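# Structural description and commentary
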Amino acid sequence: MAEIVVVRDQDAAGDLAARSILDLIAAKPDTVLGLATGSTPLAVYRALERGIRERGVDVSHVRGYALDEYVGLPAGHPESYRAVITREVVEPLGLTPSLIHVPNGSLDGIEHAGADYERAIAESGGVDVQLLGIGTDGHIGFNEPGSSFASITRVKTLTEQTRKDNARFFASEDDVPMHCITQGLSTILKARHLMLLAFGEGKAEALAGAVEGPVSASNPGSAIQLHPHVTVLVDEAAASRL
Ligand code: GLP
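Each chain carries its own residue numbering, running from 1 in the direction its sequence is written. Where totals are concerned, whole chains, interfaces and linings use all residues; where local detail is concerned, this predicted model gives features only for residues with pLDDT of at least 70, and gives and counts side-chain atom pairs only at 80 or more.

### Regarding the packing of helix α1 (residues 10-27) against helix α2 (residues 42-55)
- Contact geometry of α1 with α2 gives a least axis separation of 8 Å together with a crossing angle of 50°. Considered as vectors, α1 and α2 are oriented oblique to each other. Both α1 and α2 take part in a crossing whose hand is right-handed. Between α1, through Gln10, Asp11, Ala13, Gly14, Asp15, Ala17, Ala18, Arg19, Ile21 and Leu22, and α2, the contact on the second element is made entirely by Ala43, Val44, Arg46, Ala47, Leu48, Gly51 and Arg55.
- Any residue outside Ala, Val, Leu, Ile, Met, Phe, Trp, Tyr, Cys, Pro, Asp, Glu, Lys and Arg is labelled polar, Gly included; the first ten of those are nonpolar and the last four are charged. Classifying every residue of the contact of α1 with α2 gives 9 nonpolar, 3 polar and 5 charged. All axes here are fitted lines through C-alpha atoms, helices being fitted over the stretch that makes contact, and every angle between N-to-C directions spans 0 to 180 degrees. By the criteria applied, helices consist of DSSP H or I runs no shorter than four residues and strands consist of E runs no shorter than two, each listed in order from the N terminus. Reported orientations rely on four angle classes, namely roughly parallel under 35 degrees, roughly antiparallel over 145, roughly perpendicular from 65 to 115, and oblique for the rest. Should the near helix be turned counterclockwise from the far one by less than a right angle, the crossing is left-handed, whereas a clockwise turn marks it as right-handed. Placing a C-beta atom from the backbone of each residue, one calls two residues in contact when those atoms lie within 7 Å.

Below is the structure:
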């Protein structure tokens, strides 16, 4: 059973998450963070930035693995998750760029990118704390409904709903890539601690499905029910259907 924490707002969630992550880094300087993109984890990254400054925590040995990446965007595209992680996480937090990894979404070598990424995570000793958002259709990472609970990092086709949801980051929906490379549900479940965040009414249904719904591949977020250590940080609106 996940621990559900209903907080006042995103900043309160960010502060709670950041405090626990910084405690971990203080105890284990080469902590392996599981990084998520999307708007949801931004409050955590901003709180980490403040916390690192105020507490003077050394983050130069922190390692990180992002959940997912678009496939086929030109190198350096500002909406590639590599660029987003660099801009929102690596630079503001002062992490060491060579220690932060994002799946390789370039077409060159895509056939072994998933296996390479799995190997790299395993060789790191595994993710200590995995940040997660949730899509309106219940996806975690880019594991869309129907994804196997046994899945590992692989190329997937994005659903129309996700391409619509993410169109706001691109000039038009047509510019949203058709494919992505994402950690699988079994990859995500191997992290030692999952921290799922959700804010706003738009996430209420997906969140209720993840936390209380039947455990089913048609609802990828429900995979968290199989994990022994999950913290869910939500505002009242996202918690409204629990
Ligand atoms: C994106 C990402 C997910 C993210 C989700 C929700 O497409 N691949 O990792 O959790 O959709 O995004 P947001 O936090 O912007 O609502």
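### Thoughts on helix α3 (residues 81-93)
- Within α3, the axis deviates most sharply at Arg87, by approximately 35°.
- Here a residue counts as buried when 20 or more other C-beta atoms sit within 10 Å of its C-beta, as exposed when there are 12 or fewer, and as partly exposed otherwise, the C-beta atoms being derived from the backbone. For α3, the full list of buried residues reads Tyr81, Arg82, Val84, Ile85, Val89 and Leu93.
- Structurally, α3 contributes buried residues whose contacts are with β2 (32-35), α2, β3 (63-66), β4 (68-70) and β5 (100-101).
- Within two residues after α3, Gly94 carries a phi angle of roughly 70°, on the positive side. The angle between axes fitted to the seven residues ending at a residue and the seven residues starting there is what we call the bend at that residue.

### Points about the environment of Met178
- Here Met178 lies in the loop between α5 (160-166) and β8 (179-182).
- Separated by 49 residues in the primary sequence, Met178 and His227 place their C-alpha atoms 30 Å from one another.
- Leave out the neighbours within four places in its chain, and Met178 touches Thr157 and Leu158.

### Side note on the sheet that holds β5
- Pairing between strands is defined by DSSP: at least two bridges between them are needed. If you walk across this open sheet you meet the 7 strands as β1-β10-β9-β6-β2-β3-β5, and the pairing is parallel. For this open sheet the edge positions go to β1 (3-7) and β5, each flanked by a neighbour on one side alone.

### Details of the packing of α2 against α3
- In contact at an axis separation of 10 Å, α2 and α3 are set at 10° when each is read in the N-to-C sense. With respect to each other, α2 and α3 are oriented roughly parallel. Only Glu88, Val89, Pro92 and Leu93 of α3 make contact with α2, whose side of the interface consists of Leu42, Tyr45, Leu48, Glu49 and Ile52.
- Residue composition of the contact of α2 with α3, by class: 7 nonpolar, no polar and 2 charged.

### Examining α2
- Between the first and last residue of a helix there are one fewer steps than residues, each counted as 1.5 Å, and that sum is the expected span. The terminal C-alpha atoms of α2, which comprises 14 residues, lie 20 Å apart, in line with the 20 Å expected from a rise of 1.5 Å per residue.
- Of all the positions in α2, only Ala43, Val44, Ala47, Leu48, Gly51 and Ile52 are classed as buried. End-on view of α2: buried residues confined to an arc of 165°, all on one side of the axis. Of the residues in α2, the exposed ones pointing more than 90 degrees away from the buried face are Arg50 and Arg53.
- Lining the buried residues of α2 we find α1, α3 and β6 (129-132). Along the arc lie the directions from the helix axis toward the C-beta atoms.

### Some words on the pairing of β8
- Of the strand pairs in this sheet, β4 and β8 are connected by 3 bridges, and their pairing is antiparallel. Note on β8: the bridge partner recorded for Asp68 is Thr182.
- Across 4 bridges, the pairing between strand β7 (residues 154-157) and β8 is antiparallel. The residue of β8 that forms the bridge with Thr157 is His179.

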